[in-house]
Amino acid sequence: MRNLDINYIDAAGNAYIKVPPLYINIKGQKITAEKNLAADNTGIFQTAGLQIIFTLLCNPRLEANPIREIAEMANVAVGTVHITMKQLEKHGFLFTDEIQGKKLVNKKKLLKEWTLGYPIKIKPKYFAGKYQIDNHEIIKTIDLKYFGALLGGETAAAQLTNYLRPLIHTIYIGDKLGEFILRNRLKKNLNGNIEIVKKFWNFTDDNEINNLVPAILIYTDLITTGDPRNIETANIIYEKEIVGHLS
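Residues numbered from 1 in each chain as written. Predicted model: local features only at pLDDT ≥ 70, side-chain atom pairs only at ≥ 80, totals over all residues. Heavy atoms only, no water.

Colleague: Honestly, the overall build of the protein in this entry has me stumped. Any pointers?
Modeller: A count of helices and strands for the protein gives ten helices and ten strands. Of all 247 residues assigned to the protein, the portion counted as buried reaches 45%. Excluding contacts between residues fewer than 6 apart, the proportion of contacts in the protein whose partners are at least 24 apart in sequence is 61%. Of the accessible surface of the protein, which amounts to about 13600 Å², a share of 52% is contributed by carbon and sulfur atoms. Once the 31 positive and 26 negative side-chain charges of the protein are each reduced to a mean point, those two points are 5 Å apart. (Helix = DSSP H or I, 4+ residues; strand = E, 2+ residues; numbered from the N terminus. Buried < 20%, exposed > 50% of the residue type's maximum accessible area, 1.4 Å probe, protein only. Contact = heavy atoms within 4.5 Å. Areas by Shrake-Rupley, 256 points an atom, 1.4 Å probe, with all protein chains shown as cover. Lys, Arg positive; Asp, Glu negative; His and termini not counted. Charge placed at Lys NZ, Arg CZ, Asp CG, Glu CD.)

This is how it looks when you write it as structure tokens:
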């Protein structure tokens, strides 16, 4: 890329920026073990591992519960939970207390890894397509409970904060996906304003009372858009809804 005179910055800190009068040329930096956690081939930050991490972050002290219970809530195999817990311990995210048993630590860093991994590993696997509605108010009239559906992203954030006017509606749904699309006459559109994602967890969160996904998922949906207004709202949700879970 340098030879082709293409500007770039990589994850290790190497950079080539040539926009006169600015010139930056950094080379020789290497990815460290800490920076390369997401590339660990143990599976800790692969799809199933991320589902387990999400479940643990949303349910404080769950790590002390039986592995079978964690597996059911994360919607993964028991063996996967066993391996993931070992790897969490190896990477310094889990330790065993003689009195309290297993304890999740470094949660802020773990949330960061989850946020980085979600749009790459989980969302593509469970993404069910984009659809178009012409009237945004229709979202308010859908019987979400009947379909086992929950609001995420901008729509959920607007309800939590009254700070955002949603342009894209994110809906997480269980087994009634087909019926949901047919009954609401949704039209498939690659640039549509409704995105539907299949639910990848199997536990009830306090937000579900208001037909919303867990706050950590709302936060992640917003952060991964890269939109400044969404990121600002995500930080409000972080301070209001999440930081207490991480302490």
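After that view, the rundown keeps rolling.
Colleague: Could you clarify how one ought to interpret the layout of surface pockets in this entry?
Modeller: Where empty space is left becomes clear once a probe the size of a water molecule has been rolled over the atoms. In this structure, the largest pocket occupies an estimated 320 Å³ of space. Looking at the lining of the largest pocket, the elements that each hand over two or more residues are α5 (138-141) and α7 (153-161). In terms of residues, the lining of the largest pocket owes the most to one element, α7, which gives three residues. Partitioned by chemical class, the residues of the lining of the largest pocket number seven nonpolar, six polar and three charged. (1 Å grid on protein atoms, 1.4 Å probe; cavity = no way out; pocket = protein on both sides within 12 Å on 5 of 7 lines; lining within 4 Å. Points joined across faces, edges and corners; volume = space filled by probe spheres on them. Nonpolar A, V, L, I, M, F, W, Y, C, P; charged D, E, K, R; others polar.)

Colleague: Looking at this model, I keep getting lost on the pattern of salt bridges. Mind explaining?
Modeller: Any two side chains of opposite charge can pair, given that their charged atoms come close. In this structure the tally under the stated criterion is three salt bridges. The residue Lys-123 makes a salt bridge to Glu-195 at a minimum N-O spacing of 2.9 Å. One end of the pair, Lys-123, is in helix α4 (residues 107-126); the other, Glu-195, is in strand β10 (residues 194-198), and 72 residues separate them in sequence. Residues Lys-123 and Glu-195 agree in their burial class; the two are buried. As a salt-bridge pair, Arg-183 and Glu-179 come within 3.1 Å of each other at their nearest N and O atoms. (Salt bridge = Lys/Arg side-chain N within 4 Å of Asp/Glu carboxyl O.)

Colleague: Sorry if this is basic, but what is going on with the packing of aromatic side chains here?
Modeller: Two descriptors summarise a pair of aromatic rings, namely the distance from one centre to the other and the angle between the planes of the rings. Per the stated rule, a full pass over the model turns up 15 aromatic pairs. Between Tyr-118 and Phe-200 the ring centres are 6.1 Å apart and the planes differ by 45°, which places this aromatic pair in the tilted class. Of this pair, Tyr-118 sits in helix α4 while Phe-200 sits in the loop between β10 and α9 (215-223), and the two are 82 residues apart along the sequence. The two residues Tyr-118 and Phe-200 agree in class, both being buried. With a centroid separation of 5.7 Å and 40° between ring planes, the pair formed by Tyr-219 and Tyr-238 is classed as tilted. On the criterion of sequence distance, the pair formed by Tyr-219 in helix α9 and Tyr-238 in helix α10 (residues 228-246) is long-range, its members being 19 residues apart. By the burial criterion, Tyr-219 is buried, and Tyr-238 matches it. Connected via pairs of aromatic rings, a cluster forms that spans Phe-54, Trp-114, Tyr-118, Tyr-126, Tyr-172, Phe-200, Trp-201 and Phe-203. Here the guanidinium or amino end of Lys-176 rests over the ring plane of Tyr-146, the centre of that ring lying 3.9 Å away. The ring of Tyr-163 carries Arg-229 above its face, with NZ or CZ at 4.2 Å from the centroid. (Phe/Tyr/Trp six-rings, centres within 6.5 Å; stacked < 30°, edge-to-face > 60°. Lys NZ or Arg CZ within 6 Å of the ring centre and 35° of its normal.)

Colleague: Would you mind showing me how to read the environment of Thr-155 here?
Modeller: With respect to the helices, strands and loops of the structure, Thr-155 is situated in helix α7. In sequence terms Thr-155 and Lys-140 are 15 residues apart; their C-alpha atoms lie 9.9 Å from each other. The contact partners of Thr-155, leaving out residues within four places of it in the chain, are Ile-139, Pro-166, Ile-168, His-169 and Thr-170.

These values are about where atoms sit, not about what they do.
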